[in-house]
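# A structural walkthrough
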Amino acid sequence: MTPPSETAAAEIEVEADFEELAEKKPWYIRTIEMARQQPLAASGFVIIIIMLLMAIFADLLTFFPSEDNDLEYMLAEPGTIHSDLELTFLLGADQFGRDLLTRIVYGARTALFVGFTCAIIGSTLGLILGVASAYFGGWFDLVVQRVVDVVMAFPLIILALAVVATLGPGTQNVIIAITIPFIPQCARVVRSNALAIREIPYVDAARALGFSNARIIMRHMVPNVMAPYLIMLTSFLGQAILLEASLSYLGMGVQEPTPAWGLMLQGGAEEFAESAPWVAIWPGVAISLAVFAFNLFGDGVRDTLDPKLRSR
Amino acid sequence: MASLLEIDKLKTQFFTTAGVVKAVDGVSYTVDEGETVAVVGESGCGKSVTAMSILRLIPWPPGKITDGEIRFAGKDLLALSEEEMRNVRGKDISMIFQEPMTSLNPVLSIGMQLTETMLAHTDISEEDAHNRAVELLGMVGISEPERRLVQYPHHLSGGMRQRVMIAMALSCEPKLIIADEPTTALDVTIQAQILELMKNLTRDLGVALIIITHNLGVVARYADRVNVMYAGKIIESGTAADIYYRPHHPYTLALLKSVPRMDQQRQAKLDPVEGQPPDLTMLDEGCAFRPRCRFATTECAEGLPSLETVEGGHATACFNKDQVAATMKEAS
């Protein structure tokens, strides 16, 4: 018989160099290829990037003060020129004379901050809870899943409202209020995936190697449920932005004078819908665009990570 | 001298809605240091459950070790805390699984998986662990070990993965390796290589090996001693020669007859074991093999034959063992 080492070497020859092939394409070509395959997701991604840049460089992009009232220019029409600052209100001004464009740019900060914080914290806690629930099984799984059932029985906005009503309004509390309903949603989806992973022998193999439960969960199971996790995360981003806007619109979220899109809608929609429609239209456009972009991106992520759902 | 591993009247049961499954029902055997012991039997006879019981990896619910003792190097494994047990797993006793394709984590590189075990169980530095991983891969016959370490399981073929599994099993210098059907999922050509490798490595390193298999060819060539299991019990045990040339249990005899042989005519018909293995929830007080046994007498329905010594280390659990032995002699 041939010594093992020689035959093993022969085995390798055949399957060599796959990695090198994959590595030959530079990153920008691969990016373009990705964008071709997922044009909608790519456009969503572009909008997200623009919003991110807006949020990060808000100070450099705008020239009006974002929070100071200027009663002289109350409800100024788009195109009005501010005589002292010698600046144009490109999108008009709101009922306190604040430039709408400036507030929308700063509003991106609030929206994205709340959106990302809630989505990341919510889905990560859900991830750990879901995997632990699937891994331990038994009564732990039972208790966790019944709690999840209870929380999921409430519509998202109702639950968020209940949390804000308990804690009081404010950015921090809005984040908590939006994060809490996300946890069980993610936990449920991740658990179903983790249940399948749990039955694959490498989890038993890890246990046979004497690893602790925490290690098996974090190192061996969590990386294998990254796909549903990322899908949930991206879908939460849009939802969180919409939820924050809704809460702010209802007066339960971010408080004046912090610029937030929902808050801007609230101030403008009811009273000035006819006399100064721009006050409500532009924040509305910003919200729609943001949610739309995140949803497109989220769909793209799902299609890429979960081939079973791919329609083509 | 005390054995490395002593299993004494082990009972593992699964409490299901359909009843209590006595998967392992009073199994006793020993493994000496450096010895290779085979556990043979058909699917569902409790051989894997016995192995999982040794490492206390039976999932509860529904499974539970209800009775018996497992002593490893003087320690009572069933009395250890979960924490202490974790230090035994992977370090003192390691396991090689049936499915090399799924026993490695697809998202971690070979190197990470190899070094993780060492880092978890010993005070080795990362650099030393890396060097040891290279050395281990070389030992199990993988070329370019440095390059392999950064690759992922999907880069490797089944045989290569099983080699990696063996390297992982050896990484903490265990005293005992349990191989649960290590070659079942592999190509026939690779099977022999893997077995040869395991045999050589365990012999060189003085590691005891339990091979769980249903392949009698494996048993004949690689095992020092053989335990044949049926319906959760050991029904015959002895050296490979005892089992092959002097079987005293009708089940062992039937197993041997059901294997194709090179020295027979090509037209010769195989003689399979008729019937199905028994439902482990509904065993009566008689011998479990009785319904499929051509030697069965009324005595077999009344009581359970116990494992009795035939000669030396050869023992069998059958009332009619002399007839069985006589049949074997006639045949050969």
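Fair warning: this is a prediction, and the values are worked out from it, not measured in the lab.

## A word on the packing of helix α10 (residues 201–208) of chain A against helix α11 (residues 213–221) of chain A
Residues and elements named next belong to chain A.
- Remark: α10 packs on α11, axes separated minimally by 11 Å, with the N-to-C direction vectors making an angle of 140°. For the element pair α10 / α11, the angle class is oblique. The way α10 lies across α11 gives a crossing that is right-handed. Contact residues: Y202, V203, A206 and R207 in α10; I216, H220 and M221 in α11.
- Residue composition of the contact of α10 with α11, grouped by class: 5 nonpolar, 1 polar and 1 charged.

## A look at the domain arrangement of chain B
All names here are of chain B.
- Under the domain assignment, chain B is made up of domain 1 (5–87 + 177–187 + 201–331) and domain 2 (93–173).
- Computed over C-alpha atoms, the centres of domain 1 and domain 2 are 30 Å apart.
- Listed by partner, the interface residues are 15 residues for domain 1 and 16 residues for domain 2.
- Looking at the side of domain 1 that touches domain 2, the element that brings in the most residues is strand β7 (residues 176–180), giving 4 residues.
- Split into classes, the residues belonging to the side of domain 1 that touches domain 2 amount to 10 nonpolar, 2 polar and 3 charged.

## Section: the packing of helix α6 (residues 100–136) of chain A against helix α9 (residues 171–198) of chain A
Residue and element names in this part refer to chain A.
- Look at α6 against α9: their axes get within 5 Å of each other, and the N-to-C directions meet at 35°. The two elements α6 and α9 meet at a crossing, and its hand is right-handed.
- In terms of residue class, the contact of α6 with α9 is made up of 20 nonpolar, 9 polar and 3 charged.

## Observations regarding the interface of chain A and chain B
- Contacts between chain A and chain B engage 25 residues on the former and 33 residues on the latter.
- Counting only elements with at least two residues in the side of chain A that touches chain B, the list comes to α1 (4–15) and α10 of chain A.
- The greatest single-element share of the side of chain A that touches chain B, amounting to 8 residues, is contributed by α1 of chain A.
- Split by residue class, the side of chain A that touches chain B holds 14 nonpolar, 7 polar and 4 charged.

## A closer look at unusual backbone geometry
All names here are of chain B.
- The phi dihedral of A73 falls on the positive side, at around 50°, and the residue is not glycine.
- When you line up the elements, A73 lands in the loop between β4 (63–72) and β5 (75–76).
- Of note, E173 is a non-glycine position whose phi angle comes to about 50°, a positive value.
- Its place among the elements puts E173 in the loop between α6 (158–170) and β7.
- Under the C-beta neighbour-count criterion, E173 is labelled partly exposed, with 15 such atoms within 10 Å.

## As for the sheet that holds strand β3 (residues 36–40) of chain B
Residues and elements named next belong to chain B.
- With respect to topology, 8 strands assemble into an open sheet ordered β6-β7-β8-β3-β9-β10-β12-β11, the strand pairing being mixed. This sheet does not close on itself; its edge strands, each paired only once, are β6 (93–96) and β11 (308–311). Each strand of the sheet is rotated relative to its neighbour by a mean of 20°, with strand direction disregarded.
- For strand β9 (residues 225–230) and strand β10 (residues 233–239), the ladder comprises 6 bridges, and the chain directions are antiparallel. Its bridge partner lying in β10, N227 is registered against S237.

## Focus on the environment of A288 of chain B
All names here are of chain B.
- Tracing the chain through its elements places A288 in the loop between α10 (250–257) and α11 (298–302).
- With 101 residues separating them along the chain, A288 and D187 place their C-alpha atoms 34 Å apart.
- In this view, A288 contacts Y230, A231, P278 and L283; residues no more than four positions away in its chain are not counted.

## A few points about the sheet that holds strand β1 (residues 5–16) of chain B
All names here are of chain B.
- The sheet built from 4 strands is open, its strands ordered β2-β1-β4-β5 with antiparallel pairing. Edge positions in the open sheet fall to β2 (19–31) and β5, since each of these has one partner strand only.
- Summarising the sheet, β4 and β5 pair through 2 bridges and their orientation is antiparallel. From the neighbouring strand, R71 faces β5, where its bridge partner is D76.
- Contacts from helix α1 (residues 47–54) reach β1, β2 and β4, with the element oriented near 70° to β2.

Cut-offs and rules
- Residues numbered from 1 in each chain as written.
- Chains lettered and ligands numbered in written order.
- Predicted model: local features only at pLDDT ≥ 70, side-chain atom pairs only at ≥ 80, totals over all residues.
- Axes fitted to C-alpha atoms, helices over the stretch in contact; angles between N-to-C directions.
- Helix = DSSP H or I, 4+ residues; strand = E, 2+ residues; numbered from the N terminus.
- Parallel < 35°, antiparallel > 145°, perpendicular 65-115°, else oblique.
- Left-handed = near helix turned anticlockwise from the far one by under 90°.
- Contact = placed C-beta atoms within 7 Å.
- Nonpolar A, V, L, I, M, F, W, Y, C, P; charged D, E, K, R; others polar.
- Domains from an automatic or database assignment.
- Buried ≥ 20, exposed ≤ 12 C-beta atoms within 10 Å, placed from the backbone.
- Pairing = 2+ DSSP bridges.

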